[in-house]
Amino acid sequence: MLNKLTLKVPEGYKFKAARGMGPAPFPKDFALVMAHREDQIVSSKGKSSSSDKHASTLAESREAAQKVPADPSSKQQESVKIYFGSNVGACEELAFSIQQYLKTFGLNSVVAQLDDAITNDFSSKTIIVTSTYNGFPPDNAKKFASWLKDGSASSGICWKKAKFALCGVGNSQWHSTFHKFPNQIYKALTEFGAETIVPNCMLDVSKEWDSHFEKWLGKLAGVLTGTGEASLPAPVMTRANRLQVDFAAGDMKVETINEVFHSNLSKFLVRKLDILENRELQYGKDERSTRHIEIALPKEMPYNCGDHLAIRPFSSPKLVDEALDLLKLKGDEWLVAGMEENPKKARIKARRLLALLDLTVCPSKAELTQLAESCPCPPEMFKLKQLAENRDEGKTTLEVLKQFRSVQLDLKGFCEFFPLMKVRYYSIASSSKSVQGKNVCKICVGVVDYTTSTGRHHTGASSGMLSGLRAGDSVFGYVPELSSNFRLKDGVPIIMIGPGTGIAPFMGFLEEREVIKAEKEAVLFFGCRSAAQDNIYKKELEKFKSSGALTDLFVAFSRDQKEKIYVQNLILEQKELVWRLLQEDAVVYVCGDASSMAPAVREAFSRVISHFTSEKEAKVYMDTMEESKRYLEDVWG
């Protein structure tokens, strides 16, 4: 081992000191490259492939960071039940992350959907991870929610001996429904007599949440193992990607991914959907893009106004090429892949498998630390540790791996850092009643397109993919059965607020009102930047006004005058009309941005009501509207 060396600086050059991870200054951008001398005898034991060595180092660093000495008096720890409630898979990932972490302490656990908990006697320690969807339980937690409410859960279980830990996942931008379902679970279980193992972990995904979750998990593991919080190492979290992948052996007779899909079609929600039309809605010199897309649905995929279309996106060919380059693959290599909990495997080519991964994710602090620990180059290792402490939120994991080339991951190691791509939801902008004899749905897609702080041109995985499709192309998707009261109600006036692509569900409402010849008033508050750029669906809305489906249309142009005007400003301007309709039991629908628009619109309605009553009465009035399902939101972050 080389302990000391002397370097002579060439004439005209000098070292520039930089702060390293240690107390001493470090030459900036200084690196040493070492190689075996060709005339030197090296034992075979000292040689190993770079890829194998780095993969082994990464696995060893994770194991060492997580391992706690097992209790010699106990051969096996008590089993733990982990349940998740999830629509798009985020809570499912967290549940499997918990399982992986607990496994390093010798704790056995099983992971299942929250609905499966109704058959649990809660004699084992139970962990629940769940989100909420506009205040409703996730689809795979509906039965569990009913079980808690109808009295079935209160009998047959010795709740006083039950112990549980709860992790709620939510977004504070949805202030009215933030952690609503997790809080309902906590209230019900504690009223039954169950006790919490550790205080609840309530995550807010609109902010940095990784460290909060990791600290909670470390504390939970400490209690479950009986080792105490102080004796546990800091959790090293992974994305719990349960994808198992390996290169296919030449003689393996495994079905291809296409064969598996078609032979098990009834087990999959997703279907191949044909594109009928894809046109641009914006005009003028605006560089932004909003697409109107019409899609043919199979007969067995009905939908109602207010429903969503779930689209299964794929990573772009450009990002896939970058990943292939890092892995030194061509893309046509055959792989065998499957999910950890499912024995069924499928054969798939490398390019197609990488397209299934979300190659746009940003690394967590823990993941950057893992990469640093596996980095064989000291200067790059120092920079990775610095990056972990001062993260650039715009830098993706793929960009990090491209920058720090000394970190070489094999295929399995690479997949651990990239989760499977999640579905994206789009409000359906049509009524199934408006197209006779055909099952066609329309969606309105705002294309995500911007340049990050690192100079990378970023296009939304789903919106970018959809924007490039043309008539005759196809996409994978389905209509999910989501719990929602966001449905068109006939026989009462309706007030719709939908700036930008938030107008989508209301295009469906108006189509249906036109078909059923609705008689009650319908008012729409729409917002965009400029009449000359993005007043989308202008002609269609004029047609709805002519037919009587839409009685009043108010459009806020935020950039056409010195002071910006938004939909909330127009609501206040039309307070007499709004108040009259509310007095006639009008239903209010709000669709669009959750962070600023939705709270501002809510405040505007509160101000309208307080104008005719009082501030105290306005609060009661708004709460009553929500409880009676007369104030409904379909918003996103």
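Here goes a summary of the coordinates provided. Please read all numbers here as calculations on a predicted model, not as lab measurements. (Residues numbered from 1 in each chain as written. Predicted model: local features only at pLDDT ≥ 70, side-chain atom pairs only at ≥ 80, totals over all residues. Heavy atoms only, no water.)

### Concerning the pattern of salt bridges
- Enumeration over the complete set of coordinates arrives at 24 salt bridges.
- Asp-534 is the salt-bridge partner of Arg-288, the closest N and O atoms lying 2.7 Å from each other. Within this pair, whereas Arg-288 is found in the loop between strand E10 (271-280) and strand E11 (290-296), its partner Asp-534 is found in the loop between strand E21 (522-528) and helix H15 (538-547), the two being separated by 246 residues in sequence.
- Arg-288 gets classed as partly exposed once you look at its relative accessible area, which sits at 32%.
- Note on Asp-534: relative accessible area 7%, which makes it buried.
- A salt bridge links Glu-626 to Arg-602; its shortest N-O distance comes to 2.5 Å. (Salt bridge = Lys/Arg side-chain N within 4 Å of Asp/Glu carboxyl O. Helix = DSSP H or I, 4+ residues; strand = E, 2+ residues; numbered from the N terminus. Buried < 20%, exposed > 50% of the residue type's maximum accessible area, 1.4 Å probe, protein only.)

### What to know about the sheet that holds strand E15 (residues 424-427)
- With respect to topology, 6 strands assemble into an open sheet ordered E15-E12-E19-E10-E11-E16, the strand pairing being antiparallel. The open sheet is flanked by E15 and strand E16 (440-446), the only strands paired with a single partner. Neighbour-to-neighbour, the strand axes of this sheet turn through a mean angle of 40°, independent of strand direction. (Pairing = 2+ DSSP bridges. Axes fitted to C-alpha atoms, helices over the stretch in contact; angles between N-to-C directions.)

### Some remarks on the packing of aromatic side chains
- Within this structure, the stated rule accounts for 22 aromatic pairs.
- Taken together, a centroid distance of 6.2 Å and an interplanar angle of 90° make the contact between Phe-261 and Phe-476 edge-to-face. A residue pair is termed long-range when its members are at least 10 positions apart, and Phe-261 in helix H6 (residues 257-263) and Phe-476 in strand E19 (residues 474-478) qualify at 215 residues.
- Relative accessible area serves as the criterion here: at 15%, Phe-261 is assigned to the buried category.
- Here the aromatic rings of Phe-314 and Phe-476 are separated by 6.2 Å at their centres, their planes lie at 80°, and the arrangement is edge-to-face. Here Phe-476 lies in strand E19 and Phe-314 lies in the loop between strand E12 (308-312) and helix H7 (317-327), a separation of 162 residues in the sequence. (Phe/Tyr/Trp six-rings, centres within 6.5 Å; stacked < 30°, edge-to-face > 60°.)

### Considerations on the environment of Asp-204
- The residue Asp-204 is located in strand E8 (residues 201-204) in this model.
- Its relative accessible area of 13% is what places Asp-204 among the buried residues.
- When the C-alpha atoms of Asp-204 and Gly-168 are compared, they prove to be 8.7 Å apart, with 36 residues separating the residues in sequence.
- Once residues within four sequence positions are removed from consideration, Asp-204 is found in contact with Gly-170, Asn-171, Ser-172, Phe-178 and Trp-209.
- Within the local environment of Asp-204, its side chain forms a polar contact with the side chain of Ser-172, the two groups lying 2.7 Å apart. (Contact = heavy atoms within 4.5 Å. Polar contact = N/O pair within 3.5 Å; in protein donor to acceptor, adjacent residues only side chain to side chain.)

### Things to note about the sheet that holds strand E24 (residues 631-636)
- Spatially, 5 strands are ordered E22-E21-E20-E23-E24 in an open sheet, and the strand pairing comes out parallel. Each having just a single partner strand, strand E22 (552-557) and E24 make up the two edges of the open sheet. Each strand axis lies, on average, 10° off the axis of its neighbour in the sheet, ignoring direction.
- As paired strands, strand E20 (residues 494-497) and strand E23 (residues 587-593) are joined by 4 bridges and run parallel to one another. Bridge pairing in E23 links Ile-494 to Val-587.

### Thoughts on unusual backbone geometry
- The backbone of Phe-122 sits at a positive phi, close to 60°, despite the residue not being glycine.
- Here Phe-122 is to be found in the loop between strand E4 (109-113) and strand E5 (125-130).
- According to the relative accessible area criterion, Phe-122 is buried, its value standing at 3%.
- One non-glycine residue with positive phi stands out, namely Lys-517, at about 55°.
- In this fold, Lys-517 is placed in the loop between helix H14 (504-516) and E21.

### A word on the packing of helix H2 (residues 90-103) against helix H5 (residues 210-225)
- Close contact between H2 and H5 brings their axes to 11 Å; oriented N to C, the two are set at 45°. If you check the angle between H2 and H5, you find them oblique. In the crossing of H2 with H5, the sense of the turn from one axis to the other is right-handed. For the pair H2 and H5, contact is made by Leu-94, Ile-98, Tyr-101 and Leu-102 and by Phe-213, Trp-216, Leu-217, Gly-218, Ala-221 and Leu-224, respectively.
- Considered class by class, the residues forming the contact of H2 with H5 number 9 nonpolar, 1 polar and no charged. (Parallel < 35°, antiparallel > 145°, perpendicular 65-115°, else oblique. Left-handed = near helix turned anticlockwise from the far one by under 90°. Nonpolar A, V, L, I, M, F, W, Y, C, P; charged D, E, K, R; others polar.)

### Some words on the environment of Asp-115
- Relative to the helices and strands, Asp-115 resides in the loop between E4 and E5.
- Looking at Asp-115, the relative accessible area reads 12%, which means it is buried.
- Taking C-alpha positions, Asp-115 is 8.2 Å from Ala-145, a pair spaced 30 residues apart along the chain.
- In this view, Asp-115 contacts Asp-139, Asn-140, Ala-141, Lys-142, Lys-143 and Phe-144; residues no more than four positions away in its chain are not counted.
- A polar side-chain atom of Asp-115 sits 2.9 Å from the main-chain amide nitrogen of Lys-143.

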